[in-house]
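Chain residues, written in single-letter form:
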Amino acid sequence: MNPSQTDRGPLFFRDRDWHPAAYTPGYKTSMTRAPFRPLVAMGSTLSEETGPAFGHSMIGALDNNLILNFTGQPAIGERIIMHGRVLDENGRGVPHVLVEIWQANAGGRYRHKKDSYAAPLDPNFGGCGRTLSGPDGAYEFLTVRPGAYPWPNRVNDWRPMHIHISVFGSGFGQRLITQLYFEGDPLIARCPIVKTIGNDKAIQALIAPLDMNRAIPMDCLAYRFDIVLRGRRQSFFENRKEGM
């Protein structure tokens, strides 16, 4: 984040073992994707650090409502609220952060031409949304709980129910990507991708607990997922070990 969003105090550098090795044979596609030469760190430029900026005028009224934002007609599935706060390393809310999500529908199928899973597409569900965090870092989405789905890793591997999350700082060069899993899902412990994470605390940080205080009676359950950008409590991110 830029200096206007977080203080430039000392950082709590996290343990490099928090992230999995790039080459993990149990996750089959890592065998062809993992780099075998030393990585080269590229410094950021001024344009990446200062922009483009995201304004409230870019966010539509239904952008964070995945139940209605595709066609205006309600999507099929269990309605849920996904909410939380974007926090800095000291627990302070980070405002004006662009949070984007994408997910499979209630049957476990993505709206993507290469998704060939047998579950049907929901004609009223696009599977993506976005919002800006508020003054206290709070964000919220209304969506349906995504279904689990099989994937061609080993003979019978399944991905747990999950939602992909992208967090932008002040510009496109500042992007973090992670996933949210749901409390109580037995497939989390069986997932080869989750098993690449060697630290159980990192895994637990990706699991959103049920939040009955935000559930709406006779309507929807709620799950809370705070996103911590740096420090000892930092969320596990797929693409950057030290956060922003």
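No experiment lies behind these values; they were computed from the predicted model shown.

(A) Main features of the overall build of the protein chain. Of regular secondary structure, the protein chain possesses 4 helices and 11 strands. For the protein chain, the proportion of its 244 residues judged to be buried stands at 46%. Once local pairs closer than 6 in sequence are excluded, the contacts in the protein chain between residues at least 24 apart make up 69%. Only carbon and sulfur atoms are counted for the fraction: they give 57% of the accessible area of the protein chain, which is about 13300 Å².

(B) Fine view of the pairing of strand 7 (residues 162-168). For strand 7, the tally of buried residues reaches 7 of 7 residues, placing the bulk of the element in the interior. Of the two faces of strand 7, the one lined by His-162, His-164, Ser-166 and Phe-168 and the one lined by Ile-163, Ile-165 and Val-167 are each fully buried. With 6 bridges connecting them, strand 2 (residues 98-103) and strand 7 associate as antiparallel partners. Its bridge partner lying in strand 7, Glu-100 is registered against Ser-166. One ladder, built from 7 bridges, connects strand 7 with strand 8 (residues 175-182); its direction is antiparallel. Bridging across to strand 8, Val-167 finds its partner in Leu-176.

(C) The nonpolar core, seen in detail. Grouped together as the largest cluster of nonpolar side chains are 28 residues, with contacts concentrated most on Met-82, Val-86, Ile-165, Leu-180, Ile-227 and Leu-229. The next biggest cluster of nonpolar side chains, apart from the first, holds 12 residues, and it includes Ile-197, Ala-202, Leu-206 and Ile-207.

(D) Geometry of the pairing of strand 2. Sheet topology note: the strand 2/strand 3 (residues 128-132) ladder contains 5 bridges and is antiparallel. For Leu-98, the partnering residue across the bridge sits in strand 3 and is Leu-132.

(E) Representation of the pattern of salt bridges in the model. Taken as a whole and judged by the stated rule, the model has 7 salt bridges. Asp-63 is the partner of Arg-130 in a salt bridge, and the nearest nitrogen-oxygen pair spans 3.0 Å. Here Arg-130, found in strand 3, pairs with Asp-63, found in the loop between helix 2 (46-50) and strand 1 (79-87); they are 67 residues apart in sequence, far enough to count as distant. Classification of Arg-130 as partly exposed rests on a relative accessible area of 25%. A salt bridge links Glu-140 to Arg-214; the shortest N-O distance between them is 2.2 Å. Remark: Arg-214 occurs in the loop between strand 9 (207-208) and strand 10 (221-224) and Glu-140 occurs in strand 4 (residues 138-144); sequence separation between them is 74 residues.

(F) Spatial organisation of the UniProt feature "domain: Intradiol ring-cleavage dioxygenases" (unreviewed entry) in the protein chain. In this structure's numbering, the residues bearing the UniProt feature "domain: Intradiol ring-cleavage dioxygenases" (unreviewed entry) are residues 82-110. Taken as a whole, residues 82-110 contains 0% helix and 41% strand, while its terminal C-alpha atoms sit 19 Å from one another.

(G) Representation of the sheet that holds strand 8 in the model. Strand order in the open sheet made by the 5 strands is 3-2-7-8-9, with mixed pairing throughout. Each having just a single partner strand, strand 3 and strand 9 make up the two edges of the open sheet. Of the strand pairs in this sheet, strand 8 and strand 9 are connected by 2 bridges, and their pairing is parallel. Bridge pairing in strand 9 links Tyr-181 to Ile-207.

(H) Region of interest: the environment of Asn-153. Here Asn-153 lies in the loop between strand 5 (149-151) and strand 6 (157-159). Asn-153 sits 127 residues away from Gly-26 along the chain, and the two C-alpha atoms are 8.3 Å apart. One polar contact links the side chain of Asn-153 to the main-chain carbonyl oxygen of Gly-26, over a distance of 2.9 Å.

(I) Geometry of the side chain of Asp-122. Mapped onto the secondary structure, Asp-122 falls in the loop between strand 2 and strand 3. Arg-111 provides the closest opposite charge to the buried, salt-bridge-free Asp-122, at an N-O distance of 6.0 Å. A polar atom in the side chain of Asp-122 sits 2.9 Å from the backbone nitrogen of Asn-124. When sequence neighbours within four positions are dropped, the list of residues in contact with Asp-122 reads Ala-75, Ile-76, Asn-105 and Arg-111.

The rules we used
- Residues numbered from 1 in each chain as written.
- Predicted model: local features only at pLDDT ≥ 70, side-chain atom pairs only at ≥ 80, totals over all residues.
- Heavy atoms only, no water.
- Helix = DSSP H or I, 4+ residues; strand = E, 2+ residues; numbered from the N terminus.
- Buried < 20%, exposed > 50% of the residue type's maximum accessible area, 1.4 Å probe, protein only.
- Contact = heavy atoms within 4.5 Å.
- Areas by Shrake-Rupley, 256 points an atom, 1.4 Å probe, with all protein chains shown as cover.
- Pairing = 2+ DSSP bridges.
- Core = buried A, V, L, I, M, F, W, Y, C linked by side-chain atoms within 4.5 Å.
- Salt bridge = Lys/Arg side-chain N within 4 Å of Asp/Glu carboxyl O.
- UniProt positions renumbered as here; feature names shortened; annotations may be inferred.
- Polar contact = N/O pair within 3.5 Å; in protein donor to acceptor, adjacent residues only side chain to side chain.
- Lys, Arg positive; Asp, Glu negative; His and termini not counted.

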